[in-house]
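A structural walkthrough
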Amino acid sequence: MPDRASPQTPKTKATSARASSSTITLPHLVRLAILIAMDASAVWILNRFFSLGYYPLAAATLLILIFVNIILLHRETYPIRWMLVGLVLMAMFTIYPIIFTTWVSFTNYGEGHLITKEQAIEQILKEKYLPETGKAYTWTAFKSPEGDYVLWLQNVDGDGFLAAPGESLTQPQPGESGVGEFDSKGIPETIEGYKRLNAILAATDQNLTQIQFGEIANSIQIRSPKEASELLPLYNYDLGQDAMISQETGAIYRNIRGTFSSQDGTQLRPGFVASIQFANFREFFVSPALRGPLLRIITWNFAFALFSLLLNFALGLAIAILFNDQNFPLKKLIRSLLIVPYTVPALLTILIWRGMLNPELGVISRGLENLFGWSPSWFTDQWWAKVAVLLINLWLSYPYFMLICSGALQSISQDYYAAAQVDGANIWQQFWQITLPLLLVAVGPLLIASFVFNFNNFNLIYIFNAGGPPMAGTPTPAGHTDILISYVYNLAFTASRGVNYGFAAAITIVIFFIVGAITLFQFRYTNMWEEVSENV
Amino acid sequence: MSSMTSVKRMRTSIKAQYNVSIGIRLIIALLLIVFSIFPILWVVSASLNPTGSLATQKLIPDNPGLENFRILMTSGQFPFWRWFGNSLKIATITSVLSLSITTIAGYAFSRFRFRGRQTMLKLILLIQVFPALLALVATFLMISQLGDVLPAIGLNTHASLILVYLGGAMGINIWLMKGFLDTIPRDIDESAMVEGATDWQIFTRLILPLLRPILIVISILNYIGTYGEFILARVLLKSSEQYTLMVGLQVFAGAQFNQRWGVFAAGALIGALPIMIIYLALQDQIVGGLTQGAVKE
């Protein structure tokens with residue numbers, strides 16, 4: 001493994017770089033040996049990837065391998081060795097999935113399209129059919145007490161062959177392989193362990209016509225009471241037309257978006273991964289069946305992120321302002337109790353809220369029922385489900401905003417307020433003119449980060465109600481509280497009509513552009529990029 | 001705030017008004033605290049309620065007992081301890097390895113000058129824009145392909161999950177670490193270098209001890225994040241005995257939630273406990289870490 005070798009290398013390199021570098025030392029040799037061993041195993045892995053048709057993964061592994069070799073063999077790259085393990089892991093498990101997602105978004109990868117074209121062609125070419133004419137044998141069947149069958153076949157020249165399922169044909173003489181004496185037609189009277197079936201028994205035997213005798217590649221099947229015939233490949237692949245041609249019917253199955261399809265719409269299974277250019281994206285933006293649910297999902301996605309941010313920030317800020325007082329009694333205790341929601345893993349609290357909001361049984365529903373004689377259906381009404389999600393998110397996140405706001409408040413100089421009071425500004429004016437603008441400068445980036453986080457807040461949506469209540473009449477499952485990322489999850493992992501990785505990846509790319517645009521705006525707005533450049 | 005400022009100015013005359021204000025704010029605080037801890041109290045009560053179902057729960061159970069905990073510990077169908085152990089193991093290994101990667105790389109970024117250094121730092125920042133969650137499908141496919149060749153890091157293994165978590169180790173924490181390292185004067189390094197110490201010796205013997213505060217913050221945040229992570233674990237781990245606690249409890253709550261409420265509450269309580277203890281004990285360090293960058297001193 002590449003990551004095992006490298007932690008020791010900085011030390012050895014550091015020593016040798018300082019010593020005279022021309023002599024070959026023991027650490028050098030050890031490092032070289034490790035590198036060779038690592039390369040050898042990597043090449044073996046690469047080879048396996050290739051043979052399985054995992055080309056993108058193989059390419060990524062190869063690039064990383066080359067990179068590691070360059071870094072370990074060159075003296076100038078010494079500082080990089082300190083971060084080599086991290087870089088390799090980042091390349092493999094963070095960057096590669098991003099690139100792979102991009103690639104998948106331009107393909108039909110999904111149910112029925114999971115393998116490479118070569119593999120699909122190979123599988124389709126294995127299909128056989130029983131030709132109505134062509135090379136034929138006469139046959140006689142033998143059956144064992146256990147219910148196994150063998151055939152005695154004779155070609156037109158009268159040569160006899162013994163055919164058992166899954167084994168190649170043999171041409172035994174009497175006495176060999178338990179074959180007894182031949183009768184007048186050249187058929188053995190007996191075969192050891194088997195009983196010869198007479199013509200009527202053989203013709204009425206239900207199993208016999210289903211069995212393929214002989215090797216799998218050239219198997220033989222019974223065609224009629226008189227004849228058995230060798231099975232022939234059903235399809236022939238025509239490279240020029242990129243099409244499969246049926247030998248039985250003559251139908252042509254052309255490669256249409258990763259499936260060999262005939263003109264009447266019949267498709268050959270399996271299909272394969274093929275580039276379909278922008279079809280996934282086109283579907284995302286223009287498909288009429290999808291437009292309805294997608295539009296609603298996107299609208300709710302933005303609304304959810306925005307309302308979450310506003311509510312959580314407002315409550316957090318209000319609390320921070322209320323208790324922004326050095327002398328406030330029990331300040332430390334109050335803070336500790338208020339951050340409790342933040343200390344419980346979010347997944348657990350979402351599940352707890354799911355229990356508490358349970359209609360009829362949950363404590364909140366029962367409480368409201370007792371007080372007002374009515375309680376909202378948190379899970380089945382789309383608007384109340386949305387309210388519930390926002391409420392839970394408020395509970396989960398306000399402590400965070402409280403913490404960052406109280407930190408930021410303390411950094412605002414009291415002089416501003418003193419000056420404002422001299423000018424006669426009231427409390428509201430002070431808040432809108434001084435506190436909020438200064439606070440936003442400090443916590444602005446965190447607010448944007450929080451918006452982005454909520455934009456993809458999969459856990460909350462998925463665990464609370466799995467995106468439900470479901471929308472009616474959508475082509476793929478979608479719910480009223482679904483956001484894009486939970487919709488993607490459904491497409492990729494739970495869709496009842498088969499997974500569609502390609503389309504899921506395309507939506508992912510769209511989300512990425514939305515999130516990317518927001519983040520870019522953040523960099524611009526806060527001059528973060530320039531600061532970064534100055535600091536490095 | 002304004003009320004505070006005015007109080008400072010007219011301390012004696014408005015002392016009474018100030019007390020009223022404090023009183024009102026204490027009442028508000030009380031309401032907020034009820035909002036904050038009610039769900040937790042409710043779960044504590046549920047876990048102690050021997051009837052164990054959602055419908056029959058009261059805030060103060062009639063015959064409180066540890067029945068739910070007993071069921072949780074002994075249930076063969078849902079290996080709670082196994083899940084808990086898996087979570088602790090994965091979170092510990094991930095945070096230790098991730099911390100090592102971050103620290104060593106942060107040191108190189110802070111102390112060495114090399115070509116591509118700025119580009120790499122910016123690249124690390126830029127990659128954060130792409131939320132790891134979005135690559136979920138690709139990560140799943142990659143791990144399943146890797147597993148066909150190397151089953152040890154394929155689907156349904158803890159190793160694969162840890163590796164994916166570690167893929168994010170070269171993240172925003174590098175910036176935190178580098179920022180902290182930059183504040184340690186380079187004179188220390190240089191004087192040691194004159195004595196003939198190697199970079200590695202300087203790093204481990206001199207710099208590392210000085211990094212303690214930031215090491216604690218990063219490793220704790222990492223630990224908490226890994227412990228509570230759900231979706232990657234949900235997608236990569238397939239069999240019940242491999243689940244982390246979060247996945248296990250979610251699956252457990254998936255069916256017959258109403259009847260299992262009491263046992264779930266007991267599990268949730270035990271599961272939340274380690275993190276709550278860490279948080280409340282190390283509040284100040286964690287808050288400092290969270291608000292890093294928010295407040296510029």
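Residues numbered from 1 in each chain as written. Chains lettered and ligands numbered in written order. Predicted model: local features only at pLDDT ≥ 70, side-chain atom pairs only at ≥ 80, totals over all residues. Heavy atoms only, no water.

**What about the overall build of chain A?**
- The helix and strand tally for chain A stands at 21 helices and 12 strands.
- Counting only C-alpha atoms and orienting by the principal axes, one finds that chain A spans roughly 125 × 85 × 45 Å.
- Among the 536 residues that make up chain A, the fraction classed as buried is 51%.
- Look at the contacts in chain A between residues 6 or more apart in sequence, and 61% of them connect residues 24 or more apart. (Helix = DSSP H or I, 4+ residues; strand = E, 2+ residues; numbered from the N terminus. Buried < 20%, exposed > 50% of the residue type's maximum accessible area, 1.4 Å probe, protein only. Contact = heavy atoms within 4.5 Å.)

**As for the overall build of chain B**
- Within chain B, the secondary structure is distributed over 15 helices and 0 strands.
- Residues classed as buried in chain B amount to 56% of the 297 residues present.
- Taking all contacts inside chain B whose residues are at least 6 apart in sequence as the whole, residues at least 24 apart take part in 70%.
- As displayed, chain B offers around 12,800 Å² of accessible surface, 65% of which is attributable to carbon and sulfur atoms. (Areas by Shrake-Rupley, 256 points an atom, 1.4 Å probe, with all protein chains shown as cover.)

**Section: the interface of chain A and chain B**
- In this complex, chain A contributes 111 residues to the contact, which on the side of chain B involves 105 residues.
- Surface buried jointly by chain A and chain B totals about 10,200 Å² across both partners, of which 77% is contributed by carbon and sulfur atoms.
- Joining chain A to chain B, the criterion identifies 8 residue pairs in polar contact (both at pLDDT 80 or more).
- With 14 residues, helix 6 (residues 84–104) of chain A is the single largest residue contributor to the side of chain A that touches chain B.
- Across the side of chain A that touches chain B, the residue classes tally to 79 nonpolar, 23 polar and 9 charged. (Buried area = accessible area lost by both parts, 1.4 Å probe. Polar contact = N/O pair within 3.5 Å; in protein donor to acceptor, adjacent residues only side chain to side chain. Nonpolar A, V, L, I, M, F, W, Y, C, P; charged D, E, K, R; others polar.)

**Topic: the environment of Glu 369 of chain A**
All names here are of chain A.
- One can find Glu 369 in helix 14 (residues 363–372).
- Once the C-alpha coordinates of Glu 369 and Val 443 are considered, the two residues, 74 residues apart in sequence, prove to be 41 Å apart.
- With near-sequence residues (within four places) excluded, Glu 369 lies in contact with Trp 374 and Ser 375.

**Here we look at the domain arrangement of chain A**
- Segmentation of chain A into domains returns domain 1 (2–104), domain 2 (128–233) and domain 3 (286–535).
- Computed over C-alpha atoms, the centres of domain 2 of chain A and domain 3 of chain A are 73 Å apart. (Domains from an automatic or database assignment.)

**Details of a nonpolar patch on the surface**
Residue and element names in this part refer to chain A.
- There is a patch of nonpolar side chains on the surface, built from Leu 26, Leu 29, Val 30 and Ile 34 and spanning about 370 Å² of accessible area.
- Here Val 30 lies in helix 3 (residues 26–52).
- In this structure Val 30 comes out as partly exposed when scored by relative accessible area, which is 42%. (Patch = residues over 30% accessible without salt bridge, like charges linked within 9 Å, V, L, I, M, F, W, Y side chains within 5 Å. Salt bridge = Lys/Arg side-chain N within 4 Å of Asp/Glu carboxyl O.)

**As for the side chain of Asn 155 of chain A**
Residue and element names in this part refer to chain A.
- If you trace the backbone, Asn 155 turns up in the loop between strand 3 (149–154) and strand 4 (160–163).
- Only 3.0 Å separates the side chain of Asn 155 from the backbone nitrogen of Asp 159, close enough to count as a polar contact.
- Ignoring any residue separated from it by four or fewer positions in sequence, one finds Asn 155 in contact with Ala 136, Tyr 137 and Phe 161.

**Let's talk about the packing of helix 13 (residues 346–356) of chain A against helix 2 (residues 15–48) of chain B**
- At a closest axis distance of 11 Å, the pairing of helix 13 of chain A and helix 2 of chain B adopts a crossing angle of 80°. With respect to their mutual orientation, helix 13 of chain A and helix 2 of chain B come out roughly perpendicular. Contacts from Ile 352, Trp 353 and Met 356 of chain A of helix 13 of chain A reach helix 2 of chain B at Phe 38, Pro 39, Trp 42 and Val 43 of chain B.
- When the residues that make up the contact of helix 13 of chain A with helix 2 of chain B are grouped by side-chain class, the tally is 7 nonpolar, no polar and no charged. (Axes fitted to C-alpha atoms, helices over the stretch in contact; angles between N-to-C directions. Parallel < 35°, antiparallel > 145°, perpendicular 65-115°, else oblique.)

**Brief notes about the pattern of salt bridges**
All names here are of chain A.
- Inspection of the entire model under this criterion finds 5 salt bridges over all chains.
- Of the charged contacts in the structure, one is a salt bridge between Asp 183 and Arg 196, with a shortest N-O distance of 3.1 Å. Residue Asp 183 is located in the loop between strand 4 and strand 5 (195–196), and its partner Arg 196 is located in strand 5; the two are separated by 13 residues in the primary sequence.
- Of the residues examined, Arg 196 reaches a relative accessible area of 31% and is grouped as partly exposed.

**A look at the packing of helix 4 (residues 80–111) of chain B against helix 13 (residues 245–254) of chain B**
All names here are of chain B.
- Between helix 4 and helix 13, the least distance of the axes is 8 Å, while the angle of their chain directions is 145°. Where helix 4 abuts helix 13, its residues Phe 80, Trp 83, Phe 84 and Ser 87 lie against Leu 245, Met 246, Gly 248, Leu 249 and Phe 252.
- Partitioning the contact of helix 4 with helix 13 into residue classes produces 7 nonpolar, 2 polar and no charged.

**Here we look at the confidence of the model for chain A**
Residue and element names in this part refer to chain A.
- For chain A, per-residue confidence averages 82 on the pLDDT scale, and 92% of positions sit at 70 or higher.
- Put simply, helix 1 (residues 2–5) is where chain A has its lowest mean pLDDT, 38, and helix 4 (residues 55–73) is where it has its highest, 91.
- Below pLDDT 50 for its whole length, residues 1–21 participates in 29 contacts with residues either more than four positions away or in separate chains. (pLDDT = per-residue confidence, 0-100.)

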